[in-house]
Amino acid sequence: MNQPLYQQIITSLLNEIDTGRLQPGDQVPSEKELTDQYQVSRITAKKALDQLAEEGVIVRIRGKGSYVNVSDALADEDVTGREGKELRRGDRLIGAIFPSYTDGYGLLLQYAVEKTIAELGGSLVIKRSNHSVEEEEAAIDALLDLQVDGIIVFPADSREYNQRLLKMILDEFPVVVVDRNLKGIQACTVHTDNKTAAYKLAAHLLESGHKHIAFISPDPNRTSTLEDRLAGFQQAFLASGTRLCSDYLITDIPSGYSCKSSDTHSGEYRLMKKLLEEHPQITAYVCAEYEIAIILYKLLESMGLRVPEDCSIVCFDCPDDPYDHLNRPRFTHIRQYEEKMGRTAVELLFAQIENKEVPKLTLLGFEFKEGRST
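Here the structure is a predicted model, which means the values were calculated and not measured. (Residues numbered from 1 in each chain as written. Predicted model: local features only at pLDDT ≥ 70, side-chain atom pairs only at ≥ 80, totals over all residues. Heavy atoms only, no water.)

Caption draft 1: Structural view of the overall build of the chain. A tally of helices and strands in the chain yields 12 helices and 16 strands. Pairs at least 24 apart in sequence give 70% of the contacts found in the chain among residues at least 6 apart. For the chain, the exposed surface amounts to about 17,800 Å²; the carbon and sulfur share of it is 47%. (Helix = DSSP H or I, 4+ residues; strand = E, 2+ residues; numbered from the N terminus. Contact = heavy atoms within 4.5 Å. Areas by Shrake-Rupley, 256 points an atom, 1.4 Å probe, with all protein chains shown as cover.)

Right under this line is the structure:
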């Protein structure tokens with residue numbers, strides 16, 4: 001049976017050490033050199049060197065390279081790495097790629113990732129994708145150049161797959177995908193049960209007596225998160241036996257990070273206004289993102305409609321309102337467990353780095369919070 005490519009590299013390097021071609025203290029070929037020599041991916045080369053380091057055969061010094069171990073004492077010796085930071089062989093350098101966050105969601109997730117990595121004694125390098133697949137790929141390349149031990153990714157898109165991300169997953173490089181599910185790809189993922197969450201929002205409105213309910217969202221085909229929210233919304237109607245009017249589904253709103261809630265001439269504003277003007281019978285709205293709910297609220301207000309007296313709004317991830325004396329959020333909403341998601345992602349990543357088995361899917365619950373909009 002043929003050996004895996006990374007194992008072939010390990011066997012070759014061990015042979016060079018055994019025959020004396022590589023002496024204790026000698027520098028071994030870099031990831032790039034191994035990539036060129038064996039015609040393998042950068043990730044495969046890294047996996048080979050990482051395994052040799054774990055077995056104490058070589059010592060990897062960030063920013064300097066890998067060396068044949070001189071003695072067991074050398075493996076535990078402090079060495080100085082980038083920017084004067086003292087690193088030990090057991091330290092973990094973790095990369096994380098996040099999009100540009102909105103007011104409603106993401107900051108607590110990032111905070112939890114940073115905090116958990118620090119608690120586990122690791123270091124973190126953060127890159128931004130700005131919701132661009134191209135920038136996401138560039139961020140992965142930059143993190144691999146830094147020789148990170150693993151990467152946490154909040155993907156920009158679930159439809160237009162990032163080829164570098166797929167390559168890492170197929171090569172079994174430690175990766176955890178957060179807030180997304182990559183269709184057809186067996187990646188380690190952690191995200192909210194968005195289908196059940198959206199079902200809960202729609203069911204709440206239906207149980208309150210609303211019959212004409214609209215769903216407003218960015219394109220659900222772009223991310224599994226939005227796709228699941230639309231599916232949950234539709235399932236609530238099916239379960240209640242209430243007819244769902246397809247004209248009430250607006251699914252081409254720009255995503256929250258690009259929505260401009262103060263721009264009454266924006267495309268999203270015009271789409272919502274058209275919906276309200278053509279269907280005045282609508283009395284409730286499920287907004288897939290908090291920023292969409294803000295725009296809708298302002299639009300309803302400009303048309304002389306009151307929330308919740310004339311119509312209701314529900315959404316996802318509404319921030320707390322520090323000015324409400326009853327401590328009620330502005331909108332009835334689903335609150336995702338961002339901190340738990342971030343902490344779980346780090347724990348799953350460290351388990352992969354330590355060659356432990358991890359579940360492919362970790363589905364998190366959520367909190368339903370009633371606000372002033374219903």
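Caption draft 2: Looking closely at helix H5 (residues 107-119). With 13 residues, H5 should reach 18 Å at 1.5 Å per residue; the first-to-last C-alpha distance of 18 Å fits that figure. As for H5, its buried residues are in contact with strand S5 (93-98), strand S6 (123-128), strand S7 (150-153) and helix H12 (338-353). Phi for glycine 121, located one or two positions after H5, is positive at around 85°. (Expected span 1.5 Å × (residues − 1).)

Caption draft 3: Quick peek at the packing of H5 against H12. Look at H5 against H12: their axes get within 7 Å of each other, and the N-to-C directions meet at 40°. One finds that H5 runs oblique with respect to H12. For the element pair H5 and H12, the recorded crossing hand is right-handed. Listed contacts from H12 to Leu107, Leu108, Leu109, Ala112, Val113, Thr116 and Ile117 of H5 are Glu338, Glu339, Met341, Gly342, Arg343, Val346 and Phe350. Per-class residue counts for the contact of H5 with H12 are nine nonpolar, two polar and three charged. (Axes fitted to C-alpha atoms, helices over the stretch in contact; angles between N-to-C directions. Parallel < 35°, antiparallel > 145°, perpendicular 65-115°, else oblique. Left-handed = near helix turned anticlockwise from the far one by under 90°. Nonpolar A, V, L, I, M, F, W, Y, C, P; charged D, E, K, R; others polar.)

Caption draft 4: Just the pairing of strand S10 (residues 213-216), in detail. What you see with S10 is no split at all: Ile213 and Phe215 on one side and Ala214 and Ile216 on the other are buried throughout. Relative to strand S12 (residues 284-287), S10 runs parallel, the two sharing four bridges. Opposite alanine 214, over in S12, you have tyrosine 285 as the bridge partner. The parallel pair S10 and strand S11 (residues 249-250) is bridged by helix H9 (residues 224-240), and the resulting crossover is right-handed. (Buried < 20%, exposed > 50% of the residue type's maximum accessible area, 1.4 Å probe, protein only. Pairing = 2+ DSSP bridges. Right-handed = clockwise from strand over helix to strand, strands pointing away.)

Caption draft 5: Layout of helix H2 (residues 31-38). Buried within H2 we find Glu31, Leu34 and Thr35. Down the axis of H2, the sector holding all buried residues measures 105°, keeping them to one side. Residues of H2 that are buried in the fold lie against helix H1 (5-18), helix H3 (42-54), strand S1 (58-61) and helix H6 (133-145). (Arc of directions from axis to C-beta.)

Caption draft 6: Region of interest: the side chain of serine 217. By the element assignment, serine 217 lies in the loop between S10 and H9. On the basis of relative accessible area, serine 217 is assigned to the buried category, the value being 0%. Setting aside residues up to four positions removed in sequence, serine 217 forms contacts with Leu226, Ile250, Thr251, Asp252, Ile253, Ala288 and Ile292.

Caption draft 7: Fine view of the packing of aromatic side chains. For the structure on display, the rule yields five aromatic pairs. Seen from their ring centres, phenylalanine 233 and phenylalanine 237 are 5.0 Å apart, and the 55° between their planes marks the pair as tilted. Here the residue phenylalanine 233 and the residue phenylalanine 237 both occupy positions in helix H9, the gap between them amounting to four residues, near one helical turn. Take phenylalanine 233 and phenylalanine 237: they sit in the same class, and that class is buried. Arranged with centres 6.2 Å apart and planes meeting at 70°, the rings of tyrosine 290 and phenylalanine 331 form a pair that is edge-to-face. With a gap of 41 residues between them, tyrosine 290 in helix H11 (residues 290-302) and phenylalanine 331 in the loop between strand S13 (312-316) and strand S14 (332-336) connect regions that are remote in the sequence. Residue tyrosine 290 is classed as buried on the basis of its relative accessible area, which comes to 14%. Connected via pairs of aromatic rings, a cluster forms that spans Phe215, Phe233 and Phe237. (Phe/Tyr/Trp six-rings, centres within 6.5 Å; stacked < 30°, edge-to-face > 60°.)

Caption draft 8: Region of interest: the sheet that holds S14. Judged by pairing direction, the sheet is mixed, and its six strands sit side by side in the order S11-S10-S12-S13-S14-S16 without closing on themselves. Unpaired on one side and paired on the other, S11 and strand S16 (366-369) mark the two borders of the sheet. As judged from the two bridges shared by S10 and S11, these two strands associate in the parallel manner. Paired with isoleucine 216 across the two strands is isoleucine 250, which belongs to S11. Of the strands in this sheet, S10, S12, S13, S14 and S16 touch helix H8 (residues 194-207), which is tilted by about 170° from S13. This element, helix H10 (residues 267-278), spans S10, S11 and S12 of the sheet and lies at about 170° to S10.

Caption draft 9: Summary view of unusual backbone geometry. With omega at 10°, the peptide bond leading from valine 307 into proline 308 counts as cis. Positive phi, normally seen in glycine, also occurs at asparagine 130, with a value near 50°. Residue position: asparagine 130 is located in the loop between S6 and H6. A positive phi is found at glutamine 147, a non-glycine position, where the angle reads about 60°. Following the sequence through the fold, glutamine 147 ends up in the loop between H6 and S7.

Purely geometric numbers; function is a separate question.
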